[in-house]
Amino acid sequence: MEKTVTQEFETRDSVSKPHTRLDVIELGKTYVTNGEEHEIFRGLDFAVEPGQVVCIVGPSGVGKTTLLRCLSGLLEATTGHVSIGGKPLTEPVPEMAVVFQDYSRSLMPWMRTRENVAFPLESKGVPKEERRRVAEEALTAVGLAGAGKKYPWQLSGGMQQRAAIARALAYNADVLLMDEPFASVDAQTRFDLEDLVLDLRSRLGISVVLVTHDIDEAIYLADRVVVLSGKPASIVDIVDIHLGRDRDQLTTKAQPEFVEARARVLRQIRRNADEVDAS
Amino acid sequence: MTSITTQLKVVAPPQRARLRLRLGLARAAVGVGIIAVWWIAAHFDWLSDQILPSPFDVLRSFVALAFTGSFWISFLQTLASAMGGLLIAFLIAVPVGLALGITPVLERMTRFLLDLGRSFPVIALLPVMILLLGTSAAMKVTVIVLGVVWPILLQTTYGSRRMDPVVRDTTKIYRITLRLRFFKVVLPAAAPFIATGVRVAASVAILLSIAVELLGRTPGMGHSLGQAQIDGRPDIALAYLVYSGLLGMLINWIFMRLEDRIIVWNALGDKD
Amino acid sequence: MSTTNTLRRFLEQAWLPFALLALWWVLSSGSTNFYFPPLSVIWETFLDELLTGRMLRNIGASMRNITAGLFIGVLAGVFIGVAIGRSRNLRAVLDPYLQFLRAMPQVALIPIIIGAFGITALPKIWAIAFACVWPVLLNTIDGIRAIDTGTRDMVRSYRINRRLELFKVMLPAALPQIMAGIRVSLSVAVVVMVVSEIWGATEGLGFFINQSGAQFQVAATWAGTLVVGLIGYLLSLIFLFIEHRSLHWYHNSAQQ
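The notes below deal with the structure included here. Values in this document were obtained by computation on a predicted structure and should not be read as measured data. (Residues numbered from 1 in each chain as written. Chains lettered and ligands numbered in written order. Predicted model: local features only at pLDDT ≥ 70, side-chain atom pairs only at ≥ 80, totals over all residues.)

It is worth spelling out the overall build of chain C at this point. Along chain C, the regular secondary structure elements total 11 helices and 0 strands. Ordered by position from N to C terminus, the α and β elements of chain C give α-α-α-α-α-α-α-α-α-α-α. Reported as C-alpha extents along the three principal axes, the dimensions of chain C are approximately 75 × 60 × 30 Å. Taken over 256 residues, chain C has a buried fraction of 38%. At a minimum sequence separation of 6, the contacts of chain C that also span at least 24 residues come to 75%. (Helix = DSSP H or I, 4+ residues; strand = E, 2+ residues; numbered from the N terminus. Buried ≥ 20, exposed ≤ 12 C-beta atoms within 10 Å, placed from the backbone. Contact = placed C-beta atoms within 7 Å.)

Okay, the interface of chain B and chain A next. Contacts between the two partners involve 19 residues from chain B and, on the opposite side, 20 residues from chain A. Looking at the side of chain B that touches chain A, the elements with two or more residues in it are α8 (165-173), α9 (178-216) and α12 (264-269) of chain B. By residue number, the principal contributor to the side of chain B that touches chain A is α8 of chain B, which donates 6 residues. Here the side of chain B that touches chain A is built from residues that sort into 10 nonpolar, 4 polar and 5 charged. (Nonpolar A, V, L, I, M, F, W, Y, C, P; charged D, E, K, R; others polar.)

On a regular strand, one side chain projects to one face of the sheet and the next to the other, so that they alternate. Residues and elements named next belong to chain A. Burial runs high along strand β9 (residues 224-229): 5 of the 6 residues are buried. Bridge count between strand β3 (residues 53-57) and β9: 4 bridges; the pairing is parallel. Paired with Val 54 across the strands is Arg 224, a residue of β9. Here β9 pairs with strand β10 (residues 234-240) via 6 bridges, running antiparallel. (Pairing = 2+ DSSP bridges.)

Residue and element names in this part refer to chain A. Strand order in this open sheet of 6 strands is β6-β7-β8-β3-β9-β10, and the pairing throughout is mixed. For this open sheet the edge positions go to β6 (96-99) and β10, each flanked by a neighbour on one side alone. Strand-to-strand twist of the sheet, defined as the mean angle between neighbouring strand axes without regard to direction, takes the value 15°. (Axes fitted to C-alpha atoms, helices over the stretch in contact; angles between N-to-C directions.)

Residues and elements named next belong to chain A. On the basis of which strands lie adjacent, the open sheet formed by 4 strands has the order β2-β1-β4-β5 and antiparallel pairing. The open sheet is flanked by β2 (36-48) and β5 (87-88), the only strands paired with a single partner. Looking at chain direction, strand β1 (residues 22-33) and β2 are connected through 9 bridges and run antiparallel. Counterpart to Val 32 in the pairing with β2 is Glu 37. Helix-sheet contacts for helix α2 (residues 64-72) involve β1, β2 and β4 (79-84), and the interaxial angle to β1 is about 120°.

With that settled, the discussion passes to the interface of chain C and chain B. At the interface, 43 residues of chain C touch 47 residues of chain B. Counting only elements with at least two residues in the side of chain C that touches chain B, the list comes to α1 (2-28), α4 (88-103), α5 (109-117), α8 (162-199), α9 (205-214) and α10 (218-246) of chain C. Broken down by element, the residue count for the side of chain C that touches chain B peaks at 10 residues, all from α4 of chain C. For the side of chain C that touches chain B, the residue count by class is 30 nonpolar, 11 polar and 2 charged.

Within the largest apolar cluster, 205 residues are counted, with the highest numbers of intra-cluster contacts made by Ala 166 of chain A, Ile 152 and Ala 211 of chain B together with Ile 128, Ala 189, Val 192 and Val 195 of chain C. Among the elements that line this core, the one with the most residues is α9 of chain B, at 20 residues. (Core = buried A, V, L, I, M, F, W, Y, C linked by C-beta atoms within 7 Å.)

Here the focus is the environment of Leu 180 of chain B. With respect to the helices and strands, the residue Leu 180 of chain B is situated in helix α9. Taking the C-alpha atoms as reference points, Leu 180 of chain B and Ile 73 of chain B, separated by 107 residues in sequence, lie 46 Å from one another.

Take the packing of α9 of chain B against helix α10 (residues 221-230) of chain B next. Two packed helices can be described by the angle between their axes and the distance between those axes. All names here are of chain B. Between α9 and α10, the shortest axis-to-axis distance is 6 Å and the interhelical angle comes to 45°. Here α10 runs oblique to α9, going by the angle between their axes. When you trace α9 past α10, the crossing you get is right-handed. Contact residues: Ser 209, Ile 210, Ala 211, Glu 213 and Leu 214 in α9; Met 221, Gly 222, His 223, Leu 225 and Gly 226 in α10. When its residues are assigned to classes, the contact of α9 with α10 shows 5 nonpolar, 4 polar and 1 charged. (Parallel < 35°, antiparallel > 145°, perpendicular 65-115°, else oblique. Left-handed = near helix turned anticlockwise from the far one by under 90°.)

A word on the packing of helix α11 (residues 234-262) of chain B against α5 of chain C. Where α11 of chain B contacts α5 of chain C, the two axes come as close as 9 Å, and the packing angle between them is 150°. With respect to α5 of chain C, the axis of α11 of chain B lies roughly antiparallel. As for how α11 of chain B packs across α5 of chain C, the hand of that crossing is left-handed. The residues of α5 of chain C that touch α11 of chain B, namely those facing Pro 234, Ala 237, Leu 238 and Leu 241 of chain B, are Leu 109, Pro 111, Ile 112 and Gly 115 of chain C. Residues belonging to the contact of α11 of chain B with α5 of chain C are distributed by class as follows: 7 nonpolar, 1 polar and no charged.

Residues and elements named next belong to chain A. Note that Pro 232 resides in the loop between β9 and β10. By the C-beta count within 10 Å, which is 16 here, Pro 232 ends up partly exposed. Spatially, the C-alpha atoms of Pro 232 and His 38 are 8.3 Å apart, while their sequence positions differ by 194 residues.

What follows deals with helix α7 (residues 149-157) of chain C. Of all 9 residues making up α7 of chain C, only 0 are buried, and the element is barely covered by its neighbours. Looking one or two residues past α7 of chain C, Arg 159 of chain C carries a phi angle of roughly 50°, positive in sign.

Residues and elements named next belong to chain A. Within strand β8 (residues 207-212), 6 of the 6 residues are buried, which leaves the element mostly enclosed by the surrounding structure. Taking every second residue as pointing to the same face, both faces of β8 are buried, with Ser 207, Val 209 and Val 211 on one and Val 208, Leu 210 and Thr 212 on the other. Strand direction decides the pairing type here: β3 and β8, joined by 5 bridges, are parallel. Following the sheet pairing, Val 53 is matched in β8 by Val 208. Two elements, strand β7 (residues 175-179) and β8, share 5 bridges in a ladder whose sense is parallel. In the strand pairing of β8, Met 178 is matched with Leu 210. Crossover β7 to β8 through helix α7 (residues 187-204) is right-handed. (Right-handed = clockwise from strand over helix to strand, strands pointing away.)

Moving on, we get to unusual backbone geometry. Residues and elements named next belong to chain A. A cis amide bond, omega -5°, links Lys 231 with the succeeding residue Pro 232. The phi dihedral of Glu 26 is positive, around 50°, even though this residue is not glycine. Mapped onto the fold, Glu 26 is located in strand β1. The phi torsion at Asn 172 lies on the positive side, around 65°, for a residue other than glycine. Tracing the chain through its elements places Asn 172 in the loop between α6 (157-170) and β7. A count of 18 C-beta atoms within 10 Å places Asn 172 in the partly exposed class.

A word on the environment of Ile 251 of chain B. Residues and elements named next belong to chain B. Here Ile 251 shows up in helix α11. By the C-beta count within 10 Å, which is 21 here, Ile 251 ends up buried. C-alpha separation for the pair Ile 251 and Ile 130, spaced 121 residues apart in sequence, amounts to 27 Å. Filtering out sequence-adjacent residues up to four positions away, Ile 251 remains in contact with Ala 202, Ser 203 and Ile 206.

Right, dumping it as structure tokens:
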């Protein structure tokens, strides 16, 4: 898959632009339904440095999506707080964009792909010509040059997810939150999209927080892996990954460091799952 | 066991033409069969002429009616009052429905009332309406509006209320303004539902129009049909019945096309 | 906790209709307008008619017609619908005729049927049944057609017998569609019932309101009309209850 990034996006590198850091401090979430309390997670503490890819990994049902909704400001945490660029987060902010798992529903079927990408800009009040130009550039950046005139449902699943990423880029966010973004596409497309994320990170210097249940995906993408497990969930391990910035689906995954990190994460998840079962 | 219609889609053009011809012939054969049985039943007086006239008498009346001005006047009266009532109901129901749809409190407060209104057989209001407004065209249109406002209202409310959670999150994350959210998200999402409501309402409007004409002695196809039956001309009554069926089909077809155009993204999107 | 919730939800939905009713009662209380008698007078008239038995007899006649008509119509619709739905060729050939019959304003048939067979109960039942057949029939055909290939393959590979296939596979699979058809039939049935009783009858609620109206017994006309509305509402409640019970698997699986 061809990956071209235009001048416009290339000038936005990590040196020239001050980047936003994301801090998660003692975060906890408890739901109350019918008078019963369900504690989803507690005491989560981690940071996302500018330009870093942080993957949150954990078994299904551990509360990853709830966590991501708290990080994005869609959901209020019960305890602790999230701060972005030093300011506490209470609602969605322009520094942050979310790419949802369900791309087919997050793109509006009555808008052409270009209109979808430009929609947040329209809301910001950006003039028509300008938004069109930015939308085309964002689409080019994700390898969808020329697809803007089509409706989202005329695109394949992988292309729709690229369009959703393009929308986040056009929004000019510093932090990209992704909720199981590649869970609904086939394996080959998934590899392409993973490489797209790494590519965008290194060229644009954006930071990415990606939630996944796939340990391989987490390690392949991440500078830092946050492992969630248990009930209520807590962070059982934070693994820094030193695989460098240039990664490759074939060679990176064969490196001893990759294999080691993989074993470590899996062991942590299993051990904590066993403890939950035993209790 | 492949069917004619599925075969139509896969085979080459010359064969397709042959299959289409076969389908047409089969359909015609069914029609001829129905008429033959009907003719035999009428010819041997299984039922009296007053009950079942010969199909050829009905056909003769059917053709003859098309050349009379009074038929076309009653046809237009039925059509105009149905469409007029539909338009008024549309203008009332869509704004109200949208308001209810985006204001959950209002929607909950009026739910019971809407259910009551929807299940109320409006035609039962006819005697009261005749007392109040007489057997006028205004009375006819009023009854039609009262009857067809509900399907449009309910569909509009439903369509604007059920916002996909992912869409809701997306508009929040990108901080989409209220105005844009209404015109570019809520309204397009509700449009297919409104269109369905209007299509359903259109056939109800024709039905009510004919019912009011029949019972309220207001001019229109329903009145002409009832009068023909009372005058002992069941052939003319049946001809009107066929015309009313054709009118119903026509209206349904037109609004179906309209609906298809409005939900083009849905129709195509579903093919995936 | 949950009972107070239910109560609050009920009050939230119910206060408006009751408020409107109270408003009608109060505003009409001093009414001298001939066409808008006070609601209290309508209520008293209703009680009078109920006590003399006239109202009950008419309600009974209407209910008999509509239940018999609906029953016959729904049964015929499902039965013929399954037969046609199973064969794609039959479906293709009959389609234009069925579309025509469905699009026909069913009330137009009433003068013809009653003109031919008289003003007794049976022709009315036939008229209601005939009107109810089409929505059920066409929905059943759609429901049967939409049964998915996986299900059909399962039936064939396990050599499920015809009777089981019909009752345990086809009908349940088509049931959501059939129910949607019955819902449409229900409202058509009420309209046809009322119209047929106004057009030519000696009993029934339609007859009652029409006769009261013709004799300028305005309060009785209003009372009858409100009773018809109430019956329409109650029938749809009963329907919803049945639908909910018989389609719980459908609603639950859709939520997953």
